[in-house]
Amino acid sequence: MHLHVRRDFLRNSIAVDFKSIYGTASITLHSKFTCISGENSGEGKTEFLTTVRDLLVQGLCTITASNGWDITIVIEAGVLKDVIQKEEPGIIIVDELMSERYNLVKRLSKSNKLVICVNRSYPLKGEYPLIGTYTLVREGDWFTFKDNTKLLPLLSDSFTPDTILTEASANHSENELLSVYFSDIKASGSRDKIEKNLRNTSENILVLADLGNIGRALHILCKRCKENPNIRFYDYQAFEELLFKSDLVQGDDNRYPKSCLDFLSLETYYEKALEDFTRGTPLEYHHGEPLAVVYLDKSNCKKIFDTDIGRPLYKLIQNTETFDCFSYLKSQLGESLTLVSPIAVENCETKEDCDELIQSVSSVIQT
Amino acid sequence: MLNIIFGRENVPKELVPKVVLDSRSYFSLFKKPEWFEDPFVKEFLKSVDNTTVLFEEALKDYKGRGISTTMISTGCKTLCCIYFDVDDRIFYGSSMGNNCLPFLVRIAQKKDITIFLEHYADFPRESFSLVDMYCNGILLDQDKYDDAFSDWSASTCEEGFLEKLDSCGL
């Protein structure tokens, strides 16, 4: 069973619906910029916008935002400047945003507009949540948006990692926390160094990366996952989301006054939320600094991990605490394990049972 | 030869006047009817857009509808501009999807091209043996190309990146 937890709308997320005589299509805006990208040319990104624009003119299509904001489509170069200058907040859908000069993109980022940009490259620092990126797919005369959350394979029930790889550097953030429970965690050091650690691998690897800021790294990571189908990503927006929504912090998106749309990425949203929620308490969190000792206390394992976000990790932690007899026997006996009856192997429940069996097999071999 | 620059902020100042950010408008201004009678152009239009050239700028799209050249994909417009460019322009490579890249490599086998990229363009592995590809003066193979992209992507998260973008003029 797949353990992927679908996210409900964050408070303040905005749904944008395109309804035409050919069908409907929807996307959700979770941050300032939402990107519709695609690996290939000719997929229909510009065609979609020109089709929608033409249908709008004929009254054969509507575009609505769940917060009631106006939506403007910008396809040609040179038009964006005028649209940004409008006083009212709104949503702008821009084709090939990055073909504009940076100064205009900067003005857009500081404006009171939310942006749906149709382009292959990500504006500014390229910090975008995975749930904020979409691929457009042609369906007959119409189009649908494919949510990019499915581009990266996510951790499932039946997956046991040989290696856990964190985005964070050694002894920082999730690496610091998970080192309490797992003896051999690899650290990438940054989002952009994850892919190098995944090159030329074949083993089962669980990657803890902030999907809330996967942005520009997405497609190279997808490539690594095609090269090694045994890679899985942990389904959370950020390590900070894990802590924020833990039973220790008891953070609640609905009670947090800031809107996710004010942030460029969901990672920065959860960083701020966690800092604000824990300020002045023993749980106080500061990005980039060592974790408060209360997080590293093993007695808080259940409070931190036994939540919707943390449960897959909780199960992995519990599994490591169970002694794996078969793996131990295999590592000690190697090929000689084939000489042992399956029933004898099955009867081993503890390390002591295994050691006894190993001793008797070794004596038989010596004889 | 294909020279790749990652990030518009890394385009050398003296080359900035050569940069074409928006190949759509450049294409509109400079396209010629005879471009579309070129077999190579016909080939990539068919492969990338599934569009057939009927006669010069009269095309038939993937649904059999008559379209003009203004309606081809941005990737194909960019390929046209690069293919017919004689002024050593530097085009925005992120306008092209992965399906344009084999054609870009074939163009680079015939002449020296410089593009700048701001996304991970997944060149087919054989590209690196078909044509010399360089970034920052380093001859690329698959690993070095991936390193160059990841290093640049990491640099965009560093202090001062937005200021560099501000001052690059692009």
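In this text, all values refer to a predicted model and were calculated from it rather than measured experimentally.

**Student:** Teacher, can you tell me more about the overall build of chain A here?
**Tutor:** The helix and strand tally for chain A stands at 14 helices and 13 strands. For chain A, the spread of C-alpha atoms along the three principal axes comes to 90 × 50 × 30 Å. In chain A, buried positions account for 55% of the 367 residues. Relative to all contacts within chain A whose residues are 6 or more apart in sequence, the contacts with residues 24 or more apart total 65%. With the model as given, the accessible surface of chain A reaches about 16,500 Å², and the carbon-plus-sulfur share is 49%. Separation of charge centres in chain A, based on 41 positive and 54 negative side chains, amounts to 7 Å.

**Student:** How should I be thinking about the packing of helix α3 (residues 102-110) of chain A against helix α7 (residues 161-168) of chain B in this particular structure?
**Tutor:** The packing of two helices is summarised by the inter-axis angle and the distance between the axes. The contact between α3 of chain A and α7 of chain B brings their axes to 8 Å, and the two run at 130°. It follows that α3 of chain A is oblique to α7 of chain B by the angle criterion. The segment α3 of chain A lies against α7 of chain B, with Tyr102, Asn103 and Lys106 of chain A engaging Leu162, Leu165 and Asp166 of chain B. In the contact of α3 of chain A with α7 of chain B, the residues fall into three nonpolar, one polar and two charged.

**Student:** So what exactly am I meant to see when it comes to the sheet that holds strand β1 (residues 2-6) of chain B here?
**Tutor:** Strand-to-strand pairing in sheets goes through backbone hydrogen bonds, with the strands running parallel or antiparallel. All names here are of chain B. Read from one edge to the other, the open sheet built from six strands follows the order β2-β6-β7-β1-β8-β9, with strand pairing classed as mixed. The outermost strands of the open sheet, each flanked by one partner alone, are β2 (19-20) and β9 (138-139). Along the sheet, helix α6 (residues 142-155) contacts β1, β7 (113-117), β8 (133-135) and β9; its crossing angle with β1, the most-contacted strand, is approximately 25°.

**Student:** Can you walk me through the side chain of Arg191 of chain A in this structure?
**Tutor:** If you trace the backbone, Arg191 of chain A turns up in the loop between β11 (185-187) and α5 (194-198). Here the side chain of Arg191 of chain A touches Asp192 of chain A through a polar contact of 3.3 Å, side chain to side chain.

**Student:** Got a minute to help me understand the interface of chain B and chain A in this structure?
**Tutor:** By a widely used convention, the size of an interface equals the accessible area lost when the partners come together. Contact with chain B, which involves 42 residues of that partner, is made by 35 residues of chain A. Buried surface at the junction of chain B and chain A, both sides included, amounts to about 3,200 Å², of which 43% is carbon and sulfur. The largest per-residue losses of area from chain B upon contact with chain A belong to Arg24, Tyr62 and Asp166 of chain B, which jointly make up 15% of the total buried on that side. Here chain B and chain A share nine salt bridges between them. Where chain B touches chain A, the interface holds 29 residue pairs in polar contact (both at pLDDT 80 or more). Mapped by element, the contributors of at least two residues to the side of chain B that touches chain A are α2 (39-49), α3 (74-84), α6 and α7 of chain B. Here the side of chain B that touches chain A takes nine residues from α6 of chain B, the largest share from any one element. Its residues assigned to classes, the side of chain B that touches chain A shows 15 nonpolar, 14 polar and 13 charged.

**Student:** Whenever I open this one, helix α4 (residues 101-110) of chain B confuses me. Can you help?
**Tutor:** Since one α-helical turn is 3.6 residues long, residues separated by three or four positions face the same way. Along α4 of chain B, the residues classified as buried are Leu101, Phe103, Leu104, Val105, Ile107 and Ala108 of chain B. For α4 of chain B, the elements touching its buried residues are β1, α2, α3, β7 and α5 (127-130) of chain B.

**Student:** Even after reading the chapter, I still don't get the pairing of strand β10 (residues 163-166) of chain A, so can you show me in this structure?
**Tutor:** Side chains on a regular strand alternate between the two faces of the sheet. Residues and elements named next belong to chain A. Covered by surrounding structure in β10 are Thr163 and Leu165 together with Ile164 and Thr166, the residues of both alternating faces. As defined by bridge partners, β10 adjoins strand β12 (residues 205-208) across four bridges and the pair is classed as parallel. Note that in β12 the partner of Leu165 across the bridge is Val207. Of the pairings in the sheet, the one linking β10 to β11 comprises three bridges and is parallel in character. In the sheet register, Thr166 faces β11, and the bridge partner there is Ala187. The parallel pair β10 and β11 is bridged by helix α4 (residues 173-178), and the resulting crossover is right-handed.

**Student:** Sorry if this is basic, but what is going on with the packing of aromatic side chains here?
**Tutor:** The geometry of an aromatic ring pair is captured by the separation of the ring centres together with the interplanar angle, meaning the angle of the planes. Following the criterion strictly, the structure yields 36 aromatic pairs over all chains and no others. Ring centres of Phe244 of chain A and Phe277 of chain A lie 5.0 Å apart, and the angle between their planes is 80°; this geometry places the pair in the edge-to-face category. Separated by 33 residues along the polypeptide, Phe244 of chain A in helix α7 (residues 239-244) and Phe277 of chain A in helix α8 (residues 266-278) bring together distant segments of the chain. Owing to a relative accessible area of 24%, Phe277 of chain A belongs among the partly exposed residues under this scheme. Joined through ring pairs, the aromatic side chains of Phe27, Trp35, Phe36, Phe40, Phe44, Tyr83, Phe84 and Phe103 of chain B make up one cluster. If you follow Arg138 of chain A out to its NZ or CZ, it ends over the ring of Tyr62 of chain B, 4.0 Å from the centre.

**Student:** Whenever I open this one, helix α6 (residues 218-227) of chain A confuses me. Can you help?
**Tutor:** Within α6 of chain A, eight of the ten residues are buried, leaving the element largely enclosed by the surrounding structure. Within α6 of chain A, burial applies to Leu218, His219, Ile220, Leu221, Cys222, Lys223, Arg224 and Cys225 of chain A. Buried residues belonging to α6 of chain A abut β3 (33-37), β8 (133-139), α5 and β13 (231-233) of chain A together with α6 of chain B.

Definitions and cut-offs
- Residues numbered from 1 in each chain as written.
- Chains lettered and ligands numbered in written order.
- Predicted model: local features only at pLDDT ≥ 70, side-chain atom pairs only at ≥ 80, totals over all residues.
- Heavy atoms only, no water.
- Helix = DSSP H or I, 4+ residues; strand = E, 2+ residues; numbered from the N terminus.
- Buried < 20%, exposed > 50% of the residue type's maximum accessible area, 1.4 Å probe, protein only.
- Contact = heavy atoms within 4.5 Å.
- Areas by Shrake-Rupley, 256 points an atom, 1.4 Å probe, with all protein chains shown as cover.
- Lys, Arg positive; Asp, Glu negative; His and termini not counted.
- Charge placed at Lys NZ, Arg CZ, Asp CG, Glu CD.
- Axes fitted to C-alpha atoms, helices over the stretch in contact; angles between N-to-C directions.
- Parallel < 35°, antiparallel > 145°, perpendicular 65-115°, else oblique.
- Nonpolar A, V, L, I, M, F, W, Y, C, P; charged D, E, K, R; others polar.
- Pairing = 2+ DSSP bridges.
- Polar contact = N/O pair within 3.5 Å; in protein donor to acceptor, adjacent residues only side chain to side chain.
- Buried area = accessible area lost by both parts, 1.4 Å probe.
- Salt bridge = Lys/Arg side-chain N within 4 Å of Asp/Glu carboxyl O.
- Right-handed = clockwise from strand over helix to strand, strands pointing away.
- Phe/Tyr/Trp six-rings, centres within 6.5 Å; stacked < 30°, edge-to-face > 60°.
- Lys NZ or Arg CZ within 6 Å of the ring centre and 35° of its normal.

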